[in-house]
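Structural overview for review
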Amino acid sequence: MAPSAPSFAPARRRALPATAAVVLLLCVPLGRYAAPHPPERTVAVPWAPPGGAHPLGTDVLGRDVLSRVLAGGTQLLSVSLLAAVAAVVCGTALGLAAGWSGGRTARAVRALCDLLLAVPALVLALVLAAALPGATAVVVASVLAGAPLTARIVGTQCAQLRDSGHVHAAVERGESTPAVLVHEVLPALRRLVAADAGLRLVTALQIASALAVLGLGPQPPAPDWALMLSENLPGAALNPWALLAPAVPLAGCAWVFAAAARTVARGPWEAL
């Protein structure tokens, strides 16, 4: 009896979170163009229940909730993505320096990481938001809170790869240290760095959302999922959808990015 063909369904199911994360990052910025009403325009009485031309009702100022939800993720995800990229780049650079050099460099990087990790990320973001614009505070706080974690992971793996055969061969060929790191070490760390980037994106999203809820991020009348939570909390009994509608995509994005990071770390494509 001939052996049955391998099933690709489990691997494809495991790859769904990564695919969903890419789709979110591509489609969310286009949401404003699908909004039935201008997100900043008052179209009915405040906190009107769902019905008619307003499937999710209206918010505190009588603006269409559906329109604001469709447009509300653009700035939030853009700032979070920028912050995550900055954190990963800085953390990877520190980790490569520590893992490759060892000795005093590794101890100095480790001490710096321990110092930064001793400060809670939200406290750091609040302090920075008092002196910097909201988006800048999110990026800087995400770098200071996330880069140390990335540096620890990358540094540990880089130290192990330093003694591997293909790295020794590149060194014996006379390649420079930057060339060895870029062409030999980084490709071996690509899955690790990609998975870590998903976690840094979740952290940045949490920081950006917290600052927006506290009024230190985007200001009214800008459509923003996190800002909508604080704006519509007083009217939750009149139109709960004004509060639930932005909360669902916000929580969904965080879950999708975290699941995508876990999927990338497991490497589901090896089964294909």
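Residues numbered from 1 in each chain as written. Predicted model: local features only at pLDDT ≥ 70, side-chain atom pairs only at ≥ 80, totals over all residues. Heavy atoms only, no water.

1. Digging into the overall build of the protein chain
Our working rule: Runs of E in the DSSP output that reach at least two residues are strands. Runs of H or I that reach at least four are helices, and both are numbered from the N terminus. Note on classification: 1.4 Å probe, protein chains only; a residue is buried when its accessible area is under 20% of the maximum for its type, exposed when over 50%, partly exposed between these limits. For this analysis, residues touch if any pair of their heavy atoms sits within 4.5 Å. The Shrake-Rupley method, run with a 1.4 Å probe sphere, supplies the accessible areas, and residue values consider only the shown protein chains as cover. In this charge count, Lys and Arg are treated as positive and Asp and Glu as negative; neither His nor the chain ends contribute. A charged residue contributes its charge at one atom only: NZ of Lys, CZ of Arg, CG of Asp or CD of Glu.
When its secondary structure is counted, the protein chain shows eleven helices and zero strands. Element order for the protein chain, N to C, with α for helix and β for strand: α-α-α-α-α-α-α-α-α-α-α. Overall, the protein chain is about 75 × 65 × 25 Å in size when its C-alpha atoms are taken along their principal axes. Per-residue burial for the protein chain yields a buried fraction of 42% across its 272 residues. Sequence-distant contacts in the protein chain: of pairs separated by 6 or more residues, those separated by 24 or more amount to 70%. Of the accessible surface of the protein chain, which amounts to about 13700 Å², a share of 69% is contributed by carbon and sulfur atoms. Mean positive and mean negative side-chain charge positions of the protein chain (18 and 12 charges, respectively) differ by 5 Å.

2. Notes on the pattern of salt bridges
Counted only if it meets this: In the sections that follow, a salt bridge refers to a side-chain nitrogen of Lys or Arg positioned within 4 Å of a carboxyl oxygen of Asp or Glu.
The tally for this structure, following the rule as stated, stands at nine salt bridges. With a closest N to O distance of 3.5 Å, R63 and E231 form a salt bridge. With R63 in the loop between α2 (31-34) and α3 (65-71) and E231 in helix α10 (residues 225-232), this residue pair connects regions lying 168 residues apart in the sequence. Assessed through its relative accessible area of 1%, R63 is described here as buried. Connected via shared salt-bridge partners are D59, R63, R68 and E231.

3. Side note on the nonpolar core
Basically, it comes down to this: For this analysis, a nonpolar core means a set of buried residues of the types Ala, Val, Leu, Ile, Met, Phe, Trp, Tyr and Cys, connected via side-chain atoms within 4.5 Å.
In this structure, V65, V138, L205, L211, W225 and F257 are the most contacted members of the largest nonpolar core, which totals 38 residues. Elements that contribute at least two residues to this core include exactly α1 (9-27), α3, α4 (74-101), α6 (121-129), α7 (134-161), α9 (177-213), α10 and α11 (241-266). In terms of residue count, α11 provides more of this core than any other element does, eight residues in total. For L205, the residues in contact, after removing those within four places along its chain, are L76, L77, S80, L250, C253, A254 and F257. W100, L161, L189 and V193 belong to the second-largest nonpolar core, a separate cluster that totals 13 residues.

4. Description of the state of the cysteines
Note the threshold: Cysteine sulfur atoms that pair up within 2.5 Å are treated as a disulfide.
This structure, assessed with the given rule, holds zero disulfides. Between C158, a free cysteine, and C113, which holds the nearest cysteine sulfur, the sulfur-to-sulfur gap is 14 Å. C253 carries a free sulfur, and the closest cysteine sulfur to it, the one in C27, is 11 Å from it. Under the relative-accessibility criterion, C253 is labelled buried at 2%.

5. Comments concerning the side chain of E184
For E184, the position within the fold is in helix α9. Once you skip the residues sitting within four places of it in the chain, E184 turns out to touch H166, V167, A170, R173 and A179.

6. Overview of unusual backbone geometry
In this structure, P221 follows P220 across a cis peptide bond, with omega equal to 5 degrees. Its location among the elements puts P221 in the loop between α9 and α10. Positioned with a positive phi, W47 is a non-glycine residue whose angle comes to about 50 degrees. Taking the relative accessible area as the measure of exposure, W47 reaches 16% and is therefore buried.

7. Comments concerning a nonpolar patch on the surface
Condition: Within the patch definition used here, like charges are joined within 9 Å and nonpolar side chains (Val, Leu, Ile, Met, Phe, Trp, Tyr) within 5 Å, considering only residues with over 30% relative accessible area and no salt bridge.
Among the surface-exposed residues, L25, L81, V85 and V89 lie close enough to one another that they form a single nonpolar patch of about 300 Å² accessible area. The biggest single contributor to the nonpolar patch is α4, with three residues. Relative accessible area serves as the criterion here: at 52%, V89 is assigned to the exposed category.

8. What about the packing of α4 against α7?
Short version of the rule: The axes used here are C-alpha line fits, helices contributing only the stretch in contact, and every angle between their N-to-C directions lies in the interval 0 to 180 degrees. Note: crossing handedness is left-handed where the near helix turns anticlockwise from the far helix by less than a right angle, and right-handed where it turns clockwise. Under the scheme applied, nonpolar residues are Ala, Val, Leu, Ile, Met, Phe, Trp, Tyr, Cys and Pro; charged residues are Asp, Glu, Lys and Arg; polar residues are all the others, including Gly.
At a minimum axis distance of 6 Å, the contact between α4 and α7 shows a crossing angle of 35 degrees. Where α4 crosses over α7, the handedness of that crossing is right-handed. Taken together, the residues of the contact of α4 with α7 sort by class into 19 nonpolar, seven polar and no charged.

9. Considering α6
Under the convention used in this document: Throughout, the arc means that of the directions going from the helix axis to the C-beta atoms.
Every buried residue belonging to α6 is among L124, A125, L128 and A129, and all of these are buried. Buried residues of α6, seen end-on, are gathered within an arc of 130 degrees and therefore sit on one face of the element. On the buried face of α6, the contacting elements are α7 and α9.

10. A look at the confidence of the model for the protein chain
For clarity, the cut-off: The pLDDT value tells you how sure the predictor is about a given residue, anywhere from 0 up to 100.
Counting all residues, the mean pLDDT for the protein chain is 88, and 93% of those residues have values of 70 or more. Per-residue pLDDT stays below 50 along residues 1-8; that stretch engages in two contacts with residues further than four places along the chain or on separate chains. A low-confidence stretch, residues 268-272 (pLDDT under 50), is modelled with 14 contacts involving residues beyond four sequence positions or located in other chains.

11. Observations regarding the side chain of R200
Here R200 lies in helix α9. In this structure R200 comes out as buried when scored by relative accessible area, which is 7%. R200 has contacts with A84, A87, V88, G146, L149 and T150, leaving out every residue within four places of it along the chain.

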